[in-house]
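Examination of the molecular architecture
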Amino acid sequence: MPTNTQRAEKVIARCRQLAVFTEVPGEITRTFLSPPMHDVHNLMREWMQAAGMSITIDILGNIRGLYPGFDPNSNRLLIGSHLDTVPNAGAFDGPLGVVLGIALVEHLHAQQIKLPFPIEVIGFSEEEGVRFSKPFLGSLGITRGLSVDHLLLKDANGISVAEALTAFGIDPRGRQGMLRNILAYLEFHIEQGPVLDSESASLAVVDTIIGQSRFEITFTGNANHAGTTPMHLRHDALAAAAEWIVNVETYAQSVPNLVATVGKIHAEPNAGNVVPGSVITSLDVRHANNNVRTFAHESLIQSAKSSASKRGVQLSYNCVSAQNSTPMNPQFIKFLDTAATRAGHPSRIMSSGAGHDAMILAQYVPAAMLFLRSPGGISHHPDETVLPQDVEAALATGIEFLTVLRERHISTTKEAHA
Ligand code: HGY
Ligand code: MN
Ligand code: MN
């Protein structure tokens with residue numbers, strides 16, 4: 001019987017094993033349904049099968065391992081997170097939540113513990129929104145279902161979501177939005193920020209995932225010769241974008257707890273001796289208060305229009321994703337908090353600045369999240385890591401959480417038959 005420390009080290013080792021499956025040798029980059037995702041599925045299939053789970057790959061390329069319960073009428077507990085990454089990512093943002101789910105089932109399987117409710121461990125195929133600029137495709141697909149517009153979205157190579165699904169071996173015409181009979185959704189995730197590390201704390205229970213707005217913004221001016229075009233005759237798209245990007249930073253610094261980021265910029269024709277004709281940028285705005293966030297992104301679009309019009313540059317924009325601040329389920333927050341205390345790891349409650357699949361699932365089923373400390377507060381970076389003792393604490397809390405749910409199942413079944 002492995003010790004808690006051995007189980008924790010195995011979880012970390014497995015996340016590092018998955019990290020080698022990448023589109024870019026030497027770094028971790030694994031986007032929606034890219035070829036290395038097949039390698040991730042093959043290795044996870046081995047782990048899931050060994051833990052007594054039956055495995056499916058669903059209509060959105062999510063991998064799902066089902067561990068049966070003894071009560072055929074019971075809804076199932078979903079435990080999951082995402083398997084795609086940002087470019088040059090760390091090894092734990094996403095995969096840790098899926099590997100921890102498998103570790104909990106392995107514990108039950110090894111101990112021959114049967115719970116009344118089935119457990120389904122799910123690895124979502126797309127949460128970051130890197131390949132198609134649309135986040136949460138995996139969790140949206142099994143809850144709301146993807147729209148035709150979603151399926152027609154194209155990546156940088158002109159491949160659509162539907163074509164990507166077909167290339168991965170999935171029939172895109174399959175039925176979506178088929179989430180049924182779910183007891184709750186639990187997501188383990190690294191905090192991705194500095195709070196727990198600054199408090200030397202292992203765990204936190206999430207109460208709210210703050211809202212986020214994501215835009216694609218295009219400045220269209222006139223490309224022209226850099227040597228012969230006088231400054232007063234230019235329509236320089238990059239100069240307009242540059243002025244605006246500094247305004248984004250200044251604006252966000254002036255609003256408490258607002259964050260706004262221009263993470264992507266692509267200038268055409270991207271030549272040193274040509275006045276830039278067009279620039280495509282991203283805008284990511286987040287705040288716990290939906291009105292503050294909406295007012296902020298509207299103000300920043302206005303600011304872009306002003307920087308553009310000063311230079312006779314056209315502006316166009318589209319909102320690629322907008323998620324309101326999403327509360328986690330109060331009852332399951334309590335269950336998770338109780339479990340952490342029972343496991344000897346009293347955890348603080350905190351909100352999440354990062355988006356997670358839990359913010360999609362929470363719109364359909366009770367959802368809860370447990371954060372693990374991010375040493376140095378680092379994430380979306382190769383130096384992202386976790387501590388074995390925090391993984392151990394999360395595993396112990398997960399086991400207690402299952403016990404709390406079993407006790408609740410038994411008591412509600414007794415009441416029903418009283
Ligand atoms: O960007 C985020 O909020 C998350 O890491 N997908
Ligand atoms: Mn992420
Ligand atoms: Mn994540």
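I will try to describe carefully the structure that is included in this document. Each residue is numbered by its place in its chain's sequence as written, counting from 1. Numbering of ligands from 1 and lettering of chains from A proceed in the order in which they are written. In keeping with the predicted nature of the model, local features appear solely for residues at pLDDT of at least 70, side-chain atom pairs appear and are counted solely at 80 or more, and the whole-chain, interface and lining totals rest on all residues. With hydrogens and water stripped out, all remaining heavy atoms of the structure feed into the side-chain values.

**Let's talk about the overall build of the chain**
Strands are runs of DSSP state E lasting at least 2 residues, helices are runs of H or I lasting at least 4, and numbering of each runs from the N terminus. Broken down by element type, the chain carries 12 helices and 16 strands. It is over C-alpha atoms that the radius of gyration is taken, and the globule rule equals 2.2 Å times the number of residues to the power 0.38. Relative to its length of 418 residues, the chain is compact, with a C-alpha radius of gyration of 23 Å against a globular reference of 22 Å. With the principal axes as the frame, the chain shows a C-alpha extent of 85 × 45 × 40 Å. Expressed as a percentage of contacts within the chain between residues at least 6 apart in sequence, the contacts between residues at least 24 apart total 78%. Per-residue and other accessible areas follow the Shrake-Rupley method at a 1.4 Å probe size, with only the shown protein chains counted as cover for residues. Summed over all atoms, the accessible surface of the chain reaches about 17,400 Å², with 54% contributed by carbon and sulfur. Note that His is not counted, nor are the chain ends; the positive residues are Lys and Arg, and the negative ones are Asp and Glu. Charge placement uses NZ in Lys and CZ in Arg. For Asp and Glu, CG and CD serve respectively. Here the chain contributes 31 positive and 39 negative side-chain charges, whose respective centroids are spaced 5 Å apart. In this description, contact between two residues means that some pair of their heavy atoms is separated by no more than 4.5 Å.

**Concerning the pattern of salt bridges**
For salt bridges, the criterion is a side-chain nitrogen of Lys or Arg within 4 Å of an Asp or Glu carboxyl oxygen. Enumeration over the complete set of coordinates arrives at 15 salt bridges. The partner of K10 in a salt bridge is E106, with the nearest N and O atoms 3.5 Å apart. Taken together, the residues span a long stretch of sequence, with K10 in helix α1 (residues 4–19) and E106 in helix α3 (residues 95–111) at a distance of 96 residues. The buried label applies to any residue whose accessible area, calculated with a 1.4 Å probe on protein chains only, is under 20% of its type's maximum; exposed applies above 50%, and partly exposed to all values in between. E106 gets classed as buried once you look at its relative accessible area, which sits at 17%. In this structure, the salt-bridge partner of R14 is E106, at a minimum N-O distance of 2.9 Å. A residue pair is termed long-range when its members are at least 10 positions apart, and R14 in helix α1 and E106 in helix α3 qualify at 92 residues. Taken together, the salt bridges that share partners define one network made up of D58, R64, R76 and E120.

**With respect to the site of ligand 1**
In the region of ligand 1, the neighbouring residues are E127, E128, Q192, Q212, R214, R286, A354, G355 and H380. Definition of a polar contact: a pair of N or O atoms within 3.5 Å, with one able to donate and the other able to accept a hydrogen when the atoms are protein atoms, and with sequence-neighbouring residues admitted only if both atoms are side-chain atoms. With respect to ligand 1, the side chain of R214 contributes an N or O atom lying 3.4 Å from an oxygen atom. Interatomic distance of 2.5 Å between a side-chain N/O atom of R286 and an oxygen atom of ligand 1. Burial of ligand 1 by the protein chains amounts to 94% of its free accessible area of 210 Å². It suffices for a single heavy atom of a residue to lie within 4 Å of a molecule or strand for the residue to be listed as near it.

**Quick look at the coordination of the manganese ion (ligand 3)**
Summarising the metal site, the manganese ion (ligand 3) is bound by the protein donors H82 (NE2), D93 (OD) and H189 (NE2), whose distances to it range over 2.1 to 2.3 Å. Each metal's donors are the N, O and S atoms found within 2.8 Å of it, except that Na, K and Ca use a 3.2 Å limit; water is left out, so coordination can look incomplete. Each donor residue of the manganese ion (ligand 3) belongs to the same chain, with the gaps between them written as H-x10-D-x95-H. In this structure, the manganese ion (ligand 3) lies 3.5 Å from the manganese ion (ligand 2), and both are coordinated by D93. With H82 in strand β3 (residues 76–82) and H189 in strand β5 (residues 182–190), this pair connects stretches of sequence that are 107 residues apart. When its relative accessible area of 0% is taken as the criterion, H82 is described as buried.

**Structural notes on the layout of surface pockets**
Put simply, the second largest pocket is a space of about 180 Å³. Grid spacing is 1 Å over the protein atoms alone, the probe is 1.4 Å, and a cavity is where that probe fits but cannot get out, while a pocket is an open set with protein on both sides within 12 Å along at least five of seven lines and lining residues have an atom within 4 Å of a point. In terms of lining, the second largest pocket is formed by M1, P2, R7, K10, V11, R14, V99, A103, E106, H107, A110 and Q111. Going through the elements one at a time, α1 and α3 are the ones with two or more residues in the lining of the second largest pocket. Here the element with the most residues in the lining of the second largest pocket is α3; it accounts for six residues. Gly is put with the polar residues, along with every residue not named as nonpolar or charged; the nonpolar set is Ala, Val, Leu, Ile, Met, Phe, Trp, Tyr, Cys and Pro, and the charged set is Asp, Glu, Lys and Arg. Considering only residue class, the lining of the second largest pocket consists of six nonpolar, two polar and four charged. Grid points are joined across faces, edges and corners, and a volume is the space filled by probe spheres set on the points.

**Focus on the coordination of the manganese ion (ligand 2)**
All of the protein donors around the manganese ion (ligand 2) are D93 (OD), E128 (OE) and H380 (NE2); their distances to the metal are 2.1 to 2.2 Å. For the manganese ion (ligand 2), all donor residues lie on one chain, and their spacing in sequence is D-x34-E-x251-H.

**A few points about α3**
Spanning 17 residues, α3 covers 24 Å between terminal C-alpha atoms, matching the ideal 24 Å at 1.5 Å per step. Burial analysis of α3 places 14 of its 17 residues in the buried class, the great majority of the element. Following α3 by one or two positions, Q112 has its phi on the positive side, about 55°. Helix span, expected: 1.5 Å multiplied by one less than the number of residues in the helix.

**Observations regarding the nonpolar core**
Counting residues in each nonpolar core, the largest one holds 102 residues, and the members touching the most others are M44, L77 and I119. Remark: nonpolar core denotes a set of buried residues (Ala, Val, Leu, Ile, Met, Phe, Trp, Tyr, Cys) joined through side-chain atoms within 4.5 Å. Membership of the second largest hydrophobic core comes to 22 residues, among which are F219, A240, A252 and A260.

**As for the packing of helix α8 (residues 237–254) against helix α9 (residues 290–309)**
Axis angles are defined between N-to-C directions and span 0 to 180 degrees, where every axis is a line fitted to C-alpha atoms and, for a helix, only to the segment in contact. With their axes 9 Å apart at the nearest point, α8 and α9 run at an angle of 150° to one another. By the angle class used here, α8 and α9 are roughly antiparallel. The two elements α8 and α9 cross, and the hand of that crossing is right-handed. Residues A240, E243, W244, N247, V248 and Y251 of α8 touch α9, and the partners they reach there are F295, A296, S299, L300, S303, A304, S307 and A308. Residues of the contact of α8 with α9, tallied by class, amount to nine nonpolar, four polar and one charged. For this classification, under 35 degrees means roughly parallel, over 145 means roughly antiparallel, 65 to 115 means roughly perpendicular, and everything else is oblique. Helix crossings fall into two classes, left-handed where the near helix is turned counterclockwise from the far one by less than a right angle and right-handed where it is turned clockwise.

**A closer look at unusual backbone geometry**
With omega at 0°, the peptide bond leading from E268 into P269 counts as cis. Looking at where P269 falls in the secondary structure, it is placed in the loop between β10 (265–268) and β11 (274–275). The backbone of Q112 shows a phi angle near 55°, a positive value even though the residue is not glycine. As for its placement among the helices and strands, Q112 is situated in the loop between α3 and β4 (119–124). The residue Q192 is not glycine, and still its phi comes out positive at about 70°. Mapped onto the secondary structure, Q192 falls in the loop between β5 and α7 (195–198). According to the relative accessible area criterion, Q192 is buried, its value standing at 17%.

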